[in-house]
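Understanding the architecture of this molecule
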Amino acid sequence: MIKPKALQAFVLLFFGLIGHLSFAQSIPSSQIYHQLLQLKESKRVLYIAAHPDDENTRLIAYLVNGEHAEVAYLSLTRGDGGQNLIGKELGIDLGQIRTQELIKARETDGGRQFFTRAMDFGYSKNPTETLQNWEKEKVLADVVWVIRKFQPDIIITRFNTIPGVTHGHHTTSAILAGEAFRLAGKSDAFPEQLNWVKPWQPKRIFFNAYNFQGEFQPEEGKKYHVFQVGGYDPLLGETYHQIAADSRTMHKSQGFGATAGTGDAKDFIQLVDGEDYAQGPFEGVADRWETIKGGKEIKLSIEQLISKFDFVQPEKNIPSLLTLRASLRGLQSKESWVNEKIVKLDQAIFNAMGMEFEFNIRKEIGFPGESINAELVLNNPSGVGVNGISISVGETLFNGSSDELKDNKTLRIPVTVKIPTGTNYSQPYWLENPIDGALYDVQNQDQIGMPFNDKTTAGDLSFSIGNQPFIVSIPLKYKFNDPVDGEVKQPFVIVPEVDLTVSKENVFLISGADPTLAVTVSFRDQYLEGELSFEGLDSAQYRILSVEDIALQKRRVYKVAFLPNGVGKKTVTARFTTPDGKSFNQLTKSISYKHIPNLTYFSPASFNLIQADWKLSGEKIGYIPGAGDDVPGVLSSLGYKVTMIGPEDYSVDYLSQFKALVVGIRAYNTNETLAANQQVLMGYVRSGGNLIVQYNTSSPLLTSQIGPYPFTIGRDRVAVQGSPVIADWSSPVLTLPNQVKEEDFKGWVQERGLYFATAIDPAYQTPLSMQDPDEPASKGSLIVGKYGNGTFVYSGISFFRQLPAGVPGAIKLFINLIEQ
């Protein structure tokens, strides 16, 4: 939604420049010199692939820092459908984490970041399947849009267009890149975009040829260029290997911590389309400085500044930098790249002066209508004076001292301002509207491609240096000191005045389960009178058992019991309505990891109400944690008594109290204590226990044999969630205590499963057979073996997705596995 003009100053929108703007400018003079080399260079490269972590960070690091090119990575998706090694977040939660990991990666290697509206819906085996989920024309339009907006001279794709050799999303990214390359320069292609951008034709498109199994060997008849990417950058004090490894290590949720290579290294790019060349991939690419009036003189000034750069006293470069800035602003060019160069030059000026400025507040959240107290802090250690300092927030201006700021003086300006009533919440822009299939619904064309809409309250800092005016938009940050980490800054976010929290994602109306739910209404300012109701239910279908006010926390807790309302699943949303008609039905979600900024977003306060006639014992269950999942919460909601198994709990005597032991996802990849006690678990099974192991990846495994009989964890998976299932319907796991039927495999989410068992010993039963379209069937999704007096189960079925999503058939099947 486009905001009223009066509110626009409250929002700081970055289009791909995140990582290029810094507000702590203390960097060595060699890096300032490096910035000037990048200021001089005008060539641009767009790298295209499908997901966060697909990008070749070594090539990006080299092109940015070795060639001094402007380089951007376009990831078609935000990685929402992937797995999570560091926590339980999946889906849109994981997509936000991986978005921020990509932004941090680009801050590290110096690139920029873009996205399309495509949602990562999970593994896809070919581009046909991928494009059955994505709306091709919209994703293609987004790729064309980014090309026109960024205006690259060459495009490099991570993958080629050959189907079947990799993830379907990967292949599709190359297909769409090739089509967009041919369309971006045509005015009749997506003409609606021309209200904002003009057609742009890149010179060439390449495939970043690779061989993940060893050194790449060029094919005869193909045209390649080789980049020497293993070099050392003396200005940065790092090799491109090290920069690349540091960048890749930002993908922590995917377990992509990287160790830097050493020595010579090559990256090959293969010409796919565009003009032929003799010397190199940038042959024939115009120097942008030479395409605009006055540009040649600007370039000459930059070269002179570089040749006379003072490394020892960088502030002595300020007069020349200011002269260059005046000339650059005097061009009055409408070209976006020129404006970006001005921003980079301003940054170099601030760096050379050692200036630091920040806009701080001592709280992390605010709400529309609230008055907040903040502070602008500006320090100038140089002898170059800064004058006329003021900051405007919204329509309010705050003036600083009339004295000139220099010689390591610090200016502090108190800022008290009211957040306008109509200010939007700090919702990531792609989540503002309901998701449209496998695409995010983004209505504002100018937002498409943006890495993140921080929506932080911002102040416009104004000042002059050498009689030249500067305006810098500074986001408001929550700054505090952590006793372990020291200084920490987090985004200041706008949240609702009232939000709701529900205690469960699933409420089960079955025998033995607790049919109650706690709804917590939190008030940011003061208690409000109001009524709680549930969208989708009439008042006869629930009873409010109690209401408790927790005064110190400004919270009101409702305990609600739900009554039978017919077999099936229904999604219900809690709503709090005040007497004056204000209505609140959102919950505020927070995600916090140290390697990325805190994330805040909003979703309906919804839960699944599931009524069924399932039979279950409600006995004790032991849960062995893996990489993280929400399965224990679902089992508790069903009525099982769940205990988490810790390092001291591995003895057959202790474990024998549990009806079943459930092993969390990827536990044999991450839980060393589990792997070290494999014999204890086998003793538990042999003595009559029931061990259920959820999926693990094939590598690295911490133990060579997971079950009592041999099997291998392969890479087989079924990516189509609605694919047919063939079953031995008489198998005990499909009949006891609940009859599983064909209809129970309807309504699944994202996929059937992954990392199925292969090379299965005959001692195991394989009651299920699954397959993707045009793929061979696999019987490895569920294997069951009797061992001694007990039962061992390995399953690649994605219970970690299906159970929290409230998929009834998957929940019924999991109950049966427990009850064996």
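Placed above this text is the structure.
The structure contained in this document is the topic of the report that follows. This one's a predicted model, so the numbers in the text were calculated from it and none came from an experiment.

1. Details of the sheet that holds strand S24 (residues 542–550)
Taken in spatial order, the four strands line up as S20-S22-S25-S24 in an open sheet, and their pairing is antiparallel. Unpaired on one side and paired on the other, strand S20 (498–502) and S24 mark the two borders of the sheet. Adjacent strand axes in the sheet meet at a mean angle of 20°, parallel and antiparallel pairs treated alike.

2. Some details on the pattern of salt bridges
Applying the stated criterion to the full structure yields 40 salt bridges. Note that arginine 106 is salt-bridged to aspartate 109, the shortest N-O span being 2.6 Å. Of this pair, arginine 106 and aspartate 109 both sit in helix H3 (residues 91–109), three residues apart, which is roughly one turn of the helix. Each of the two residues, arginine 106 as well as aspartate 109, counts as buried. In this structure, glutamate 370 engages lysine 363 in a salt bridge whose closest nitrogen and oxygen atoms are separated by 2.4 Å. Here glutamate 370 falls in the buried class, since its relative accessible area comes to 13%. One salt-bridge network, held together by shared partners, links Arg44, Glu70, Arg112, Glu340 and Lys344.

3. Overview of the nonpolar core
Core analysis: the biggest nonpolar cluster contains 72 residues, and Leu635, Leu638, Leu681, Leu768, Tyr794 and Phe814 have the highest contact counts within it. Among the elements that line this core, the one with the most residues is helix H18 (residues 808–818), at seven residues. Residues in contact with leucine 638, not counting those within four places in the same chain, are Phe508, Ile510, Gly512, Ala513, Trp614, Leu616, Ile811 and Ile815. Core analysis: the next-biggest nonpolar cluster, separate from the first, contains 56 residues, Leu36, Val338, Leu345 and Phe492 among them.

4. A few points about the environment of lysine 589
Assignment of secondary structure puts lysine 589 in strand S28 (residues 586–591). Along the chain, lysine 589 and phenylalanine 602 lie 13 residues apart, while their C-alpha atoms are 5.9 Å from each other. Each residue touching lysine 589, except ones within four places of it in the same chain, is listed here: Leu599, Thr600, Tyr601 and Ser603.

5. A closer look at unusual backbone geometry
With an omega of 0°, the peptide bond between serine 699 and proline 700 qualifies as cis. By the element assignment, proline 700 lies in the loop between strand S34 (690–693) and strand S35 (712–713). Each neighbour pair has its own omega, and for leucine 736 with proline 737 the value is -5°, a cis peptide bond. With respect to the helices and strands, the residue proline 737 is situated in the loop between helix H16 (732–735) and strand S37 (757–758). The backbone of glutamine 151 sits at a positive phi, close to 60°, despite the residue not being glycine. Looking at the secondary structure, you find glutamine 151 in the loop between helix H5 (136–150) and strand S4 (154–157).

6. A look at the environment of leucine 140
Tracing the sequence through the fold places leucine 140 in helix H5. The class of leucine 140 is buried, set by a relative accessible area of 2%. Between the C-alpha atoms of leucine 140 and glutamate 179, which are 39 residues apart in sequence, the distance is 7.7 Å. Apart from the residues within four sequence positions on either side, leucine 140 is in contact with Leu176, Glu179, Ala180, Leu183 and Phe190.

Rules of the game
Residue positions are given per chain, counted from 1 along the sequence in the order it is written. Only residues with pLDDT of at least 70 are given local features in this predicted model, and only at 80 or more are side-chain atom pairs given and counted; all residues enter the totals for whole chains, interfaces and linings. Heavy atoms throughout the structure, all of them, feed into the side-chain values; hydrogens and water do not. Pairs of strands are assigned from DSSP output, requiring at least two bridges between the strands. A helix here means a DSSP run of H or I that spans at least four residues, while a strand means a run of E at least two residues long, and both kinds are numbered starting from the N terminus. Lines are fitted to the C-alpha atoms to define the axes, a helix being fitted only along its stretch in contact, and any angle between axes, read from their N-to-C directions, falls within 0 to 180 degrees. Only one rule defines a salt bridge in this text: a Lys or Arg side-chain nitrogen within 4 Å of an Asp or Glu carboxyl oxygen. Using a 1.4 Å probe on the protein chains alone, a residue whose accessible area is under 20% of its type maximum counts as buried, one over 50% counts as exposed, and one in between counts as partly exposed. Put simply, buried Ala, Val, Leu, Ile, Met, Phe, Trp, Tyr and Cys residues joined by side-chain atoms within 4.5 Å make one nonpolar core. Throughout, a residue-residue contact means that at least one pair of heavy atoms, one from each residue, lies within 4.5 Å.

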